[in-house]
Every structure is written in structure tokens, then in C-alpha cells.
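# Structural overview
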Amino acid sequence: MAFRDVVNQDHAVMLLRAAARSGKVGHAYLLVGPAGVGRRALALAFAQLLNCARADGDACGDCVSCRKIVSGSHPDVRILDVARGQYLEAPGKEHRGKEIPVDQIRALRREAAFPPYEGKWKVFVIADAERMNPSSANSLLKILEEPPARVVFLLVAESSVALPPTVVSRCQLVRCAFLRADQIERALVDRWQIAPDRARVLAVLADGRLGRALEWAASEERLEARDRLLDLLPTLEGSDPLTRLDAAEALSRQPDLLPELLDLAVLWYRDLLVWKQLPEPALLTNRDRQTQIEALAPRFSETTLGARIEAVEAAKESLRRNVNARLALEKLFLSFQDAPAPATSP
Ligand SMILES: [Zn+2]
């Protein structure tokens, strides 16, 4: 995971590379930005570059040090990521993985007191730094105030607002931005060899986060759920209410996927609407479903499609407000009343 593997975070990459090149490496960096845009990749790429045996503006990705960092076995590159169960020392029994407990920061301080073991720099990555409770943050502050030589702390967070200003002021800020859908699409095709039609759907679904697109790409379960949903939606039109209630019940059994599935439903109706207005394949998100879209679009009025999109948006909002998923879906599907016109020859 060298900087060349980080997709479209040019500003952040420039800043970190310049620090490494000039030798003026800060004691602490705060990588802020939305989850899934490549913050962790940036942190690891920086750790690699600092320790690479054959660095040339970027890490080589191939030396012993680079390999060890990628595999997580480099003794000087330590990652604290409670959400992924990566700890610096075994967590206490009562620890539930939501907060970064102070004993982890104490362990970090003990380790940081020793010079790098085999690398040039010791790097500590603290993922979700906003999960530090006040005592953890205070403990970290102590070492940030008197940082040991050859040690770099990389804090990763959604925003600097959730961290104590005393901690933030000790860090150099590195901002990571959302990616555009076309940047994600290109990366999926070029770097992950994902088929263009699928990449297009994933890129829109990713909502600016490459990580989210990759999560979907790697999950058969999610892709199957998408296929089932897109097969289901047209069958609900004009079906009896009982069928629609059953569909709501079935769909509510995937609560984790539901927000994203509803995003997909919006994109689906949007595609139908787009096709009615301008039947141009390049404008479709669900390009792999063009035949179906072509057949269905004439059966809907623009008003009906607008109503579908609004109803799905309302269901999304209900979920955000913690309304029971099944109730929200029932309401959504029961609103599918004004059945589209039956298929007629033009
Ligand atoms: Zn290397």
C-alpha cells in the first residue's frame, strides 16, 4: 500500500511525501475525513515510505520493511484500531470495543519510549481517534507534549471537532476528501479489474467512499441482495397488498443492508425516470439492467416515478429516525398504489 495505491487524495499525499522527503517529519498527524476515502491507506503508505529500504519519493512496496507493514508484522508500525479488534495489548475483560480505553494509550506510551526496533521510524496509527475517552485523550496528550525522537503518531478521525482541541493543536492536519463517482469508477475498473457496468453501480452507491464500493464489490451477499431487490421492485407494481406486506417483511430481515438497499431503490427509479426523458444508456446507473429498464420505463408516468422516489426517501428518513424497519417498508410498499399502465404496444 504505497502512495501510488492511494486513490485521488493528491493533496494529502503531497503533504506527507514532502514531509518524508525533506526529513522534517512531524511528531503527530491528524488524518481527517469521512470513513472509506482512504485514510488508513494513507497512514500505512506514510509508514512504509518512512521505513522503506529503497524509497524513491514513494515506498518500493517490495522490500522486507514494506512487506512487513502490509502484512501487519512490522514491529515498529503499530496499529490501534478497536473497531477491527487491533490492540496494542490484550484489552481488559470489561472492554466492549466502542471506546479506546486508557490502558491502550498507556501501552502505546510504554512502547513509544523505546527507539525503533528495526525500522527508521516508529509509527503508531490510532484509528477512530474520536473514540478516545477523556482519560485516553489526556494520556495521549502527555506524550504529544513531549514526543520521543523517531516516533510519529498518525491519528485518524472523521473530523477534528470530536477531539479535544489540546490534542488537535499538537497534530498537523491532513485533510482527506470525498471522491467523485467517476474517480471511484475509474479506480474500480483500472486497479481492481471490476467490470465497467458493475463499477458504475458501485461507484454511485459508494457515495464518495472508495472503501464502501470495495466492500460491496467483495460481498456476494450484498450483490445478491441488490439483484433480489431490483427483481422484486417491478413485481410489486399492481400486486395485491398482502404480497407487498410479505415483501416488506422479507426485506426487513436484512437491517444492516437496508439503508444501502434503499439508496439502490432510489437509483433504480431515477434510472427509469431518466430513460423516459432521454433513452441514453450512458446516463443509466444500472447499466447492467438496461433491457429491463427499457421495457419498464414506458409503463410508468413521470409523476408515478417521482412519487416512488419520494416514498423511498421518506422510508430512508424513517430508518434514520429509528422507526421499525418492517413498518417503514410496509408503509413504503403499500404506497405503491397507483399502479403503472399495463404494457401496451406503442
Ligand atoms: Zn520498500
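One can find the structure itself at the top, above this paragraph.
Quantities reported herein were computed from a predicted structural model and do not represent experimental measurements.

With respect to burial, strand E1 (residues 28–32) is a largely interior element, five of its five residues being buried. Bridge count between E1 and strand E4 (residues 151–157): five bridges; the pairing is parallel. Note that in E4 the partner of Val32 across the bridge is Ala157.

What follows deals with the packing of helix H2 (residues 39–51) against helix H3 (residues 64–71). As a packed pair, H2 and H3 sit with axes 9 Å apart at the nearest point and diverge in direction by 155 degrees. Here H2 lies roughly antiparallel to H3, going by the angle between them. Regarding H2 and H3, the two cross each other, and that crossing is right-handed. Residues Leu44, Ala47, Gln48 and Asn51 of H2 form the contact with H3, whose participating residues are Ser65, Cys66 and Ile69. Its residues assigned to classes, the contact of H2 with H3 comprises four nonpolar, three polar and no charged.

Attention shifts here to the environment of Ala307. Among the secondary structure elements, Ala307 is positioned in helix H14 (residues 302–320). Judged by the 17 C-beta atoms lying within 10 Å of it, Ala307 falls in the partly exposed class. Sequence separation of Ala307 and Pro34 is 273 residues, and the distance between their C-alpha atoms is 31 Å.

This part takes up the sheet that holds E4. In space, the five strands of this open sheet follow the order E2-E3-E4-E1-E5, with parallel pairing throughout. With one partner strand each, in any of the chains shown, strand E2 (77–80) and strand E5 (172–175) form the two edges of the open sheet. Averaged over all pairs of adjacent strands, the angle between their axes in this sheet comes to 20 degrees, without regard to strand direction. In this sheet, E4 lies alongside strand E3 (residues 122–126) in parallel orientation, the contact comprising five bridges. Bridging across to E4, Phe124 finds its partner in Phe153.

Residues Leu31, Val125, Leu154, Leu155, Val156 and Leu202 are the most contacted members of the largest nonpolar core, which totals 96 residues. Taken domain by domain, the makeup of this core includes at least three residues from each of domain 1 (3–175) and domain 2 (219–334). Non-local contacts of Leu154, meaning those with residues more than four positions away in its chain, are made with Tyr29, Leu31, Ala43, Phe46, Val123, Phe124 and Val125.

Rules of the game
Chains are numbered independently. Their residues run from 1 in the order of the written sequence. Per-residue local features are limited, in this predicted model, to residues with pLDDT of at least 70; the limit for side-chain atom pairs, both in listing and counting, is 80 or more; totals at the level of whole chains, interfaces and linings are taken over all residues. Here the C-beta atoms are placed from the backbone, and a residue counts as buried if at least 20 other C-beta atoms lie within 10 Å of its own, exposed if 12 or fewer do, and partly exposed otherwise. Each helix corresponds to a stretch of at least 4 residues labelled H or I by DSSP, and each strand to a stretch of at least 2 residues labelled E; elements are numbered beginning at the N terminus. Strand pairing requires that DSSP identify at least two bridges connecting the strands. Only C-alpha atoms enter the line fits that serve as axes; for helices the fit covers just the stretch in contact. Angles between N-to-C directions range over 0 to 180 degrees. By the definition adopted for this analysis, an angle is roughly parallel if under 35 degrees, roughly antiparallel if over 145, roughly perpendicular if from 65 to 115, and oblique otherwise. Take the far helix as your reference; a near helix turned counterclockwise from it by less than a right angle gives a left-handed crossing, and one turned clockwise gives a right-handed crossing. Working definition of a contact: two residues with C-beta atoms, positioned from the backbone, lying within 7 Å. Each residue gets one label: Ala, Val, Leu, Ile, Met, Phe, Trp, Tyr, Cys and Pro are nonpolar, Asp, Glu, Lys and Arg are charged, and the others, such as Gly, are polar. Each nonpolar core comprises buried Ala, Val, Leu, Ile, Met, Phe, Trp, Tyr and Cys residues, the members being joined through C-beta atoms within 7 Å. Per the annotation, domain bounds derive from an automatic or database assignment of domains.

As far as function goes, none of this settles anything; it's purely spatial.
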